[in-house]
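Now for the letters of each chain:
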Amino acid sequence: MRKLTAGCAVTAILALPMTAYPSTESDIAELKAMFVEMKSDYERRIADLENRLAAAEKRAVQAEKKSETATERSVAAKRQADKATQQVVALDQKVEAAPAPVSSEPTPKTSAVTSASAFNPQMSVILDGNYYHDGLGGEGAALVGEAFQPEMGHGHEHEEEGHDDHGHEHGGMSNGFNFREAEFWFSATVDPYFDANAMVVVDGDGNVDLEEAWFQTRNLPHGLKVKGGKFLSDFGYINNQHPHQWDFADQNLAYLNLLGDHGLQETGLQLTWLPETPVYTLFGVEVGQGDQERFGVTLDDEEQDEFGLDSTDDGPRLWTAFAKVAPDIGDNHALQFGVSYARNSQHQGLYGFEHEEDDGDHDHDHDHEHEEEHGESGYEGSAGIWGLDLVYKFDGEGDYGHRDFKLQAEYLRATKDTTVRSGEEDLVGRSLDFTSDGLYVQGVYGIFPKLRAGLRYDVFGLTNKVSGAANESFGSSDRWTANLTWDLTEYSRLRAQYARSDILVAPDERERFDAFYLQFIMSLGAHGAHKF
Amino acid sequence: MTIRYLLLLFVMSWTVGAEAKLNLVATTPSMGALAREIGADDINLEVLAPPDRDPHTLQARPTMMRSLRSADMVLAVGADLEVGWLPVAISGAANPRILPGRDGYFEAAAQVNLLDAGGPADRALGDVHPVGNPHVNLDPQRMAQVGQALAVQLGKLDPPNAASYAARADTFSAKVAERLEDWRKVAAGSPGVMLYHRDAIYLLDRLGIPLLGEIEPVPGVPPTGSHLKRLLDEYSGRKGVIIYPLYKSSQVPEKLAGDLGWEAIKLPLDPAKDADGDGYLSLIDEWVVAIASAKK
């Protein structure tokens, strides 16, 4: 019956162009195609509504059966049925009346309306590229992550070398245009029990790296969650952020030199607990395999044999613990403190001891020392690092982030307690402890709508020493950075950044240089959410 | 030892206090007002966003996660309005009760027909919402419909009070039906309203008042000179009023209104954080008066 009226209406519509005397055949064909499309569209809508009406009626009947227990529900279902009928009638009338635009959309059935879930998994791509220039012919971008510390200067560059050559590296930059990376982010609810995420990063040379791939539980009670897979640790604050989420184009000196380009990126498990305390308090622990760039480095099998070090085939070797507290200080402010600790049970390296008579002017000796086999000793032990973080955000109530302010600061301190295992015979068995630390403080303020100005001071090596079998202390490296970030929309961002670095590259050699970035970040696909 | 004991006491006192009533968390004050109207004294309520903030650009804060951690139900406007922060906050809350798709997750936009739906998912057109315009909260009729659905949902979580929820939803529907006639009468004949953003189109549509364009060239993008000139050319010599939200700078609306010889009125899109249903209806009163002021 309803189909019939719709059919009649469509026939009437189809007949309309006859009277309009279209001038050319192509016009007629175009109109016909349009009406066929409209016809199928209306038929689809009507069929859809009929199905839903039938379903609603069925539900109403079912509800009536149970009406003693659930009268409300039957009323609601009947209402829905009535509404659906009205809509079908209304739609029929519209079809009969004219091909007027249909404004009333069918009532949605789901409990949530979002365009993102139309795709399963939800997908987004982030493009991050820049124009870079520094006073060192492009070496500055890598140099900021290679500030001198006693561990590195004396031994030779081990695993990192290989990593830099083959893996993708955030720091690697040339003077001129660079495409830093394209991040492909997939996330979905797997089933009622798990959510999962994967992030694949492709750098400008086409190297592919699996940055994160993990699952997380949905259903655990008491505020517990378990995450497993490969993920960025929730140690500290900036550690779990990807480069496009940073407020500056590059990572701070403390993280670069203590944890490496990727920070604490681990394969393992995480347990977090959010208890129902009056103030937001989150506790977490993680266990990870322990394959790290800087923190808990290990040598390869060959070197372990050569220098008498333990093999490191067994994991897990790394664990972390962290707590965050965020007092409620009103709608305009947000504040969070965090304290974190991480421990890697294996940390290995090679150290070139200086001979007593060598004291004083040693210039660039250590650069060549690894060639003299007798000067290299293997050491191993464990590594620990603790961190304090603070984030404060002020909502300035302005347009597009105008007058918003964000202050972020972290302090990290790492100690590596090791023992000499080989090399200098009189030193074997003695302790060799490395201590280094770093911090950064940064503020970002919305000077105009959509335009933010940022200022950062970061320093590595306030303490930068080795004690035990060798006793030496070295200077620090620091940097001032200022930038302007223009958020055209939520999806595109342009940034100009200038930095003045003073990096200790050898015990008494410094590089002072300027570095300049022009960066773009484009976000495609699903609307990303902003983490705190 | 004593610290552990104190902590235990803390936790216990919290759970004891929360035992009887449903804990509701509303994203915006409009949703909060509706929850107060339908839930009255049978619920505890917390509202996350203040009325003077754009709920689309809000950021997730740990304190929100803390509120959601203890929630039995979260009430969102939905249709991606809170997409920038609510999913993160819900995920951070580690509370399976309020995950989307469960009984503890409620979206207003999912209960009613949406305008502007089915547009192209093309962000060259700004921050568009292909699923539909999310700002349903300014249409009292749709809010009454949402109230009915909310009563059913609350009844599922709290069967002993199901009848009270349903009765209060009916009362609210009646209040809206009663006022709607008046609102239509007061607003009737208004030459139209220019908005900053398409955030009041549901109310205009309900009252049958023409929309005279938006100050934003496309959603989420600040006005450009050429767009403002186009608006000026199109509407000069005509009557109307500009109504813009609290969180937008008054500079552009005032300037444009001055050039057109209109009035620019700054109005909240949400009632006060502690408003109930009547507070919400008073907000609609304010809007209707503002809309009618275009007749002068």
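Because the structure is a prediction, the values reported are computed rather than measured.

**Q** So what exactly am I meant to see when it comes to the overall build of chain A here?
**A** Along its length, chain A carries nine helices and 17 strands. In chain A, the proportion of contacts linking residues at least 24 apart, taken out of those at least 6 apart, comes to 66%.

**Q** Would you take a moment to explain the overall build of chain B for this structure?
**A** Within chain B, the regular secondary structure consists of ten helices and eight strands. Here the C-alpha atoms of chain B give a radius of gyration of 21 Å, agreeing with the 19 Å that 2.2 N^0.38 yields for 296 residues. Taking the principal axes of the C-alpha coordinates as reference, chain B spans close to 75 × 40 × 35 Å. Within chain B, the proportion of its 296 residues that are buried is 53%. Sequence-distant contacts in chain B: of pairs separated by 6 or more residues, those separated by 24 or more amount to 66%.

**Q** What am I meant to see in the sheet that holds strand β4 (residues 105-107) of chain B here?
**A** Adjacent strands of a sheet form backbone hydrogen bonds with each other and so pair up, either parallel or antiparallel. Residues and elements named next belong to chain B. On the basis of which strands lie adjacent, the open sheet formed by four strands has the order β2-β1-β3-β4 and parallel pairing. Each edge of the open sheet carries a strand with a single partner, namely β2 (43-47) and β4. The mean inter-strand angle of the sheet, taken between neighbouring strand axes irrespective of direction, is 20°. As defined by bridge partners, strand β1 (residues 22-26) adjoins β2 across five bridges and the pair is classed as parallel. Residue pairing in the sheet places Leu22 in a bridge with Ile43 of β2. Sheet contacts for helix α2 (residues 29-39): β1, β2 and β3 (73-76); angle to β2, the most-contacted strand, approximately 170°.

**Q** What should I look at first to understand the interface of chain A and chain B in this one?
**A** Many structure descriptions define interface size as the accessible area lost when the parts assemble. The interface is formed by 44 residues belonging to chain A together with 55 residues belonging to chain B. Of all the secondary structure elements, the ones that give two or more residues to the side of chain A that touches chain B are α3 (71-97), β5 (224-232), β8 (318-326) and β9 (333-352) of chain A. Of the residues in the side of chain A that touches chain B, the class split is 16 nonpolar, 13 polar and 15 charged.

**Q** I would appreciate a short explanation of the environment of Arg179 of chain B in the present structure.
**A** By secondary structure assignment, the location of Arg179 of chain B is in helix α6 (residues 162-187). Note: C-alpha distance between Arg179 of chain B and Leu114 of chain B (65 residues apart in sequence) is 22 Å.

**Q** I'm lost on helix α9 (residues 251-260) of chain B in this one. Help?
**A** For an α-helix, 3.6 residues make a turn, and residues three or four places apart therefore share a direction. Residues and elements named next belong to chain B. Those residues of α9 that fall on the buried side of the exposure criterion are Pro253, Leu256 and Leu260. The buried residues of α9 occupy an angular sector of 70° when the element is viewed end-on, so they sit on one face. When the buried face of α9 is taken as reference, the exposed residues oriented beyond 90 degrees from it are Gln251 and Gly258. Buried residues belonging to α9 abut α8 (225-235), β7 (241-244) and β8 (263-266). Gly261 sits one or two residues past α9 and shows a positive phi near 75°.

**Q** Explain the sheet that holds β7 of chain B to me, please; I cannot follow it from the model alone.
**A** Residues and elements named next belong to chain B. Judged by pairing direction, the sheet is parallel, and its four strands sit side by side in the order β6-β5-β7-β8 without closing on themselves. One side of each edge strand has no neighbouring strand; the edge strands of this open sheet are β6 (211-214) and β8. On average, each strand axis in the sheet is inclined to that of its neighbour by 25°, with strand direction left out of account. Two elements, β7 and β8, share four bridges in a ladder whose sense is parallel. Paired with Ile242 across the strands is Ala264, a residue of β8.

**Q** I tried to follow the pairing of β8 of chain A on my own but got confused; where do I start?
**A** All names here are of chain A. Residues Leu318, Thr320, Phe322, Lys324 and Ala326 point to one face of β8 and are all buried, whereas Trp319, Ala321, Ala323 and Val325, pointing to the other face, are not buried. Of the strand pairs in this sheet, strand β7 (residues 280-288) and β8 are connected by nine bridges, and their pairing is antiparallel. Within β8, the residue paired with Glu286 across the bridge is Thr320. Bridge count between β8 and β9: eight bridges; the pairing is antiparallel. Paired with Lys324 across the bridge in β9 is Gly338.

**Q** Mind showing me how you'd approach the nonpolar core here?
**A** Inside soluble globular proteins, nonpolar side chains tend to come together where they are buried. Core analysis: the biggest nonpolar cluster contains 101 residues, and Leu24, Leu68, Val74, Ala89 and Val193 of chain B have the highest contact counts within it. Every residue in contact with Val193 of chain B, bar those within four places of it in the chain, is listed here: Leu204, Ile209, Leu211, Leu212, Gly240, Val241, Ile243, Ile291 and Ala294 of chain B. Among the nonpolar cores identified, the runner-up in size contains 36 residues, and Ile238, Ala383, Ile503 and Tyr517 of chain A belong to it.

**Q** For this particular structure, what's the right way to read the domain arrangement of chain B?
**A** Residue and element names in this part refer to chain B. Taken as a whole, chain B is organised into domain 1 (18-178) and domain 2 (179-295). The C-alpha-based centres of domain 1 and domain 2 are spaced at 24 Å. The interface is formed by 34 residues belonging to domain 1 together with 30 residues belonging to domain 2. When contributions to the side of domain 1 that touches domain 2 are tallied by element, the ones reaching two or more residues are α2, α5 (140-157) and α6. Here the residues of the side of domain 1 that touches domain 2 sort into 15 nonpolar, eight polar and eleven charged.

**Q** Please clarify how α6 of chain B should be interpreted in this entry.
**A** All names here are of chain B. In this model, α6 (26 residues) spans 36 Å end to end at C-alpha, consistent with the 38 Å of a helix rising 1.5 Å per residue. The sharpest bend along α6 comes to roughly 30°, located at Arg179. Taken together, the buried positions of α6 are Tyr165, Ala166, Arg168, Ala169, Phe172, Val176, Trp183 and Ala187. After α6 finishes, the residue Gly189 shows a positive phi value of roughly 85°.

**Q** Help me understand unusual backbone geometry in this model?
**A** Among all residues except glycine, the phi angle is most often negative; among peptide bonds, the trans geometry is most common. For the peptide bond that leads from Gly315 of chain A to Pro316 of chain A, omega is -5°, which places it in the cis range. For Pro316 of chain A, the location among the structural elements is in the loop between α8 (301-306) and β8. The phi torsion at Ala40 of chain B lies on the positive side, around 45°, for a residue other than glycine. Along the chain, Ala40 of chain B falls in the loop between α2 and β2. You will see that Ala94 of chain B, though not glycine, has its phi angle at about 50°, which is positive. Looking at where Ala94 of chain B falls in the secondary structure, it is placed in the loop between α4 (86-93) and β4.

Each value, and the rule that gives it
Residues numbered from 1 in each chain as written. Chains lettered and ligands numbered in written order. Predicted model: local features only at pLDDT ≥ 70, side-chain atom pairs only at ≥ 80, totals over all residues. Helix = DSSP H or I, 4+ residues; strand = E, 2+ residues; numbered from the N terminus. Contact = placed C-beta atoms within 7 Å. Rg over C-alpha atoms; globule rule 2.2 N^0.38 Å. Buried ≥ 20, exposed ≤ 12 C-beta atoms within 10 Å, placed from the backbone. Pairing = 2+ DSSP bridges. Axes fitted to C-alpha atoms, helices over the stretch in contact; angles between N-to-C directions. Nonpolar A, V, L, I, M, F, W, Y, C, P; charged D, E, K, R; others polar. Arc of directions from axis to C-beta. Core = buried A, V, L, I, M, F, W, Y, C linked by C-beta atoms within 7 Å. Domains from an automatic or database assignment. Expected span 1.5 Å × (residues − 1). Bend = angle between axes of the 7 residues up to and from the residue.

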